[in-house]
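Understanding the architecture of this molecule
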Amino acid sequence: MKNFSMHDPSQYSLLQRARALFLIALLACLGACSTIRFSYNHGDTLLYWWLDAYVDFEGAQSDWVKRDIRELFQWHRKTQLDDYAQLLGTFQRQLGGNPTQADLLADYRIIRTHTETLAMKAVPHMVDLARSLTPDQIEQMEERFKKKNDEYRRKFVSGSVDKRQEARFDKSMEQFKLWFGSFSSEQEKALRRASDARPLDSNVWLEERILRQRKILALARKIQQEKPSKEQTSVMITALLHEFFTRMDSPERKGFYDAYINTTSNYILSAIRIATPAQKAHAQQRMQGWIDDFKVLAKEAK
C-alpha cells in the first residue's frame, strides 16, 4: 500500500525525470526512516546532494539551486502534507476492514495525481536548471545514468530467474516490513510464492528507464544548443513531463502497465490478507506516527 513502486522506485524523474520527481523519490525514501519530521526537515539538503551527484553544480549555480529547492519544499509543506495525512488516514481505515483491489487502485490514482501536481509546480525551477546546464554537466548526467543502469541490470536483469525473483522479492519485503513489522517464515514463504507469480519484467522496466533517460538527455542538449527563451523551455519541459505521465496509457505500453498495476495491487492485497491483527495494528500505529508528523510539519509552515 505504500506507493506501488515495489519494482523500480524511480519510475518518474528533467534530471532523472525532473527536479520535482527527484523529490518524489526522496519522499518515498523518507518512509524508511523512523521519523518523517527529522528527514523532511533535512530533505532540501539531501535533495541537493542527490542532484549534485548527477550534475556537479558550478559556482553560482549551487546557490540558486539550493534556493529553488527550499522554495519547492516550502510550497510542498504548506499545500501537500495535510493531504498526505488524510491519505494515510484512508490507509488506516482500509486496514481496519477488508480492502479490495478497487480501494488500492483508488489510492494509486490519488498518489499519481499528487505526483503530477508536484512535477508541474516544479517546472519553472526545471526551466532555470535546464537553461544553465553545460555540455560537461550533461555528459556527467549521462554517465550517472549509465552507472545506475548497470547497477540495476546487475541486480534485477542479469543472472538466473531465481536470482532475479529473489532480488525483487527482497525489495518488496523491505517495504512490507516497514509497514507490518516482522513476518513469520510461513508468511514469507506465502509472499514469495505470490511475488514469483508476478511477471518477471525487469528487462521491460530497464527499457522504459533508458528510453526516459534518452529523452531527458536529448531535451537537455537541445536546450543547451538552441538556447530557447524561458517560455519556450517551459513548453518543452511541460510536454516531456506530459509524455512521461501519459506513457502508461500509450498503445505500445498500456497493456504492460495495466498488467503491472494489477499484479502489484494483488500482491499487496496478499500481504494484507495474511497479516495478523497484531501486524495490522503495527501498520496502523506506524501510519499514525507519520500522520502526526505530517500534521506538525504542515502546521509549522502556516
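This section reports on the structure supplied with the text. (Residues numbered from 1 in each chain as written. Predicted model: local features only at pLDDT ≥ 70, side-chain atom pairs only at ≥ 80, totals over all residues. Heavy atoms only, no water.)

Observations regarding the overall build of the protein chain
To be explicit about the condition: A helix here means a DSSP run of H or I that spans at least four residues, while a strand means a run of E at least two residues long, and both kinds are numbered starting from the N terminus. Note on areas: these come from Shrake-Rupley sampling with a 1.4 Å probe, and a residue is covered only by the protein chains present in the view.
In terms of regular secondary structure, the protein chain is built from 14 helices and zero strands. The order of helices and strands in the protein chain, counted from the N terminus, is α-α-α-α-α-α-α-α-α-α-α-α-α-α. Of the roughly 14000 Å² of accessible surface on the protein chain, 52% is carried by carbon and sulfur atoms.

Examining the pattern of salt bridges
Pairing is possible between side chains that carry opposite charge, provided their charged atoms lie close to one another. Going by this rule: What counts as a salt bridge is simple: a side-chain nitrogen of Lys or Arg found within 4 Å of a carboxyl oxygen of Asp or Glu. With a 1.4 Å probe rolled over the protein chains alone, any residue whose accessible area is under 20% of its type maximum counts as buried; one over 50% counts as exposed, and the rest are partly exposed.
Under the definition given, this model contains 21 salt bridges. One salt bridge in this structure joins Arg221 and Glu142, with 2.7 Å as the shortest N-O distance. Residue Arg221 is found in helix H11 (residues 202-226), and its partner Glu142 is found in helix H8 (residues 135-157); the two are separated by 79 residues along the sequence. On the basis of relative accessible area, Arg221 is assigned to the partly exposed category, the value being 29%. Overall, Glu142 belongs to the partly exposed group, its relative accessible area being 22%. For Glu243, the salt bridge goes to Lys215, with nearest N and O atoms at 3.0 Å. Taken together, the residues span a long stretch of sequence, with Glu243 in helix H12 (residues 230-246) and Lys215 in helix H11 at a distance of 28 residues.

Quick look at the packing of aromatic side chains
Stated precisely, the cut-off is as follows: Only Phe, Tyr and Trp rings take part, Trp by its six-membered ring, and two of them pair if their centres are within 6.5 Å. Stacked means planes under 30 degrees apart, edge-to-face means over 60, and tilted covers everything else. Charge-over-ring placement is defined geometrically: NZ (Lys) or CZ (Arg) within 6 Å of the ring centre, and within 35 degrees of the ring normal.
All chains considered together, the criterion is met by 13 aromatic pairs. An angle of 25° between the planes, with centres 5.3 Å apart, marks the rings of Tyr48 and Phe57 as stacked. Members of the aromatic cluster, connected to one another through ring pairs, are Trp205, Phe256, Tyr257 and Tyr260. Lying over the aromatic face of Tyr54, Arg144 brings its terminal NZ or CZ to 5.3 Å of the ring centre. Its guanidinium or amino end placed over the ring of Phe256, Arg253 lies 5.8 Å from that ring's centre, counting from NZ or CZ.

Details of the side chain of Gln279
Our working rule: Two residues form a contact once any of their heavy atoms are found within 4.5 Å.
Examined against the element boundaries, Gln279 turns out to sit in helix H14 (residues 277-300). Note on Gln279: relative accessible area 7%, which makes it buried. Among residues more than four places away in sequence, those in contact with Gln279 are Phe180, Ser182, Phe183, Gln187 and Ile274.

Looking at the packing of helix H4 (residues 60-79) against helix H6 (residues 101-121)
Counted only if it meets this: Axis lines are fitted through C-alpha atoms, for helices just across the contact stretch, and the angle between N-to-C directions can take any value from 0 to 180 degrees. A clockwise turn of the near helix away from the far one marks a right-handed crossing, whereas an anticlockwise turn of less than a right angle marks a left-handed crossing. Here the nonpolar group is Ala, Val, Leu, Ile, Met, Phe, Trp, Tyr, Cys and Pro; Asp, Glu, Lys and Arg are the charged ones; every other residue, Gly included, is treated as polar.
Across the interface, H4 lies against H6 with an axial gap of 11 Å and an inter-helix angle of 145°. The element H4 and its partner H6 pack so that their crossing is right-handed. Every residue of H6 that contacts H4 at Leu72, Trp75 and His76 is listed here: Thr117, Leu118 and Lys121. For the contact of H4 with H6, the per-class residue count stands at three nonpolar, two polar and one charged.

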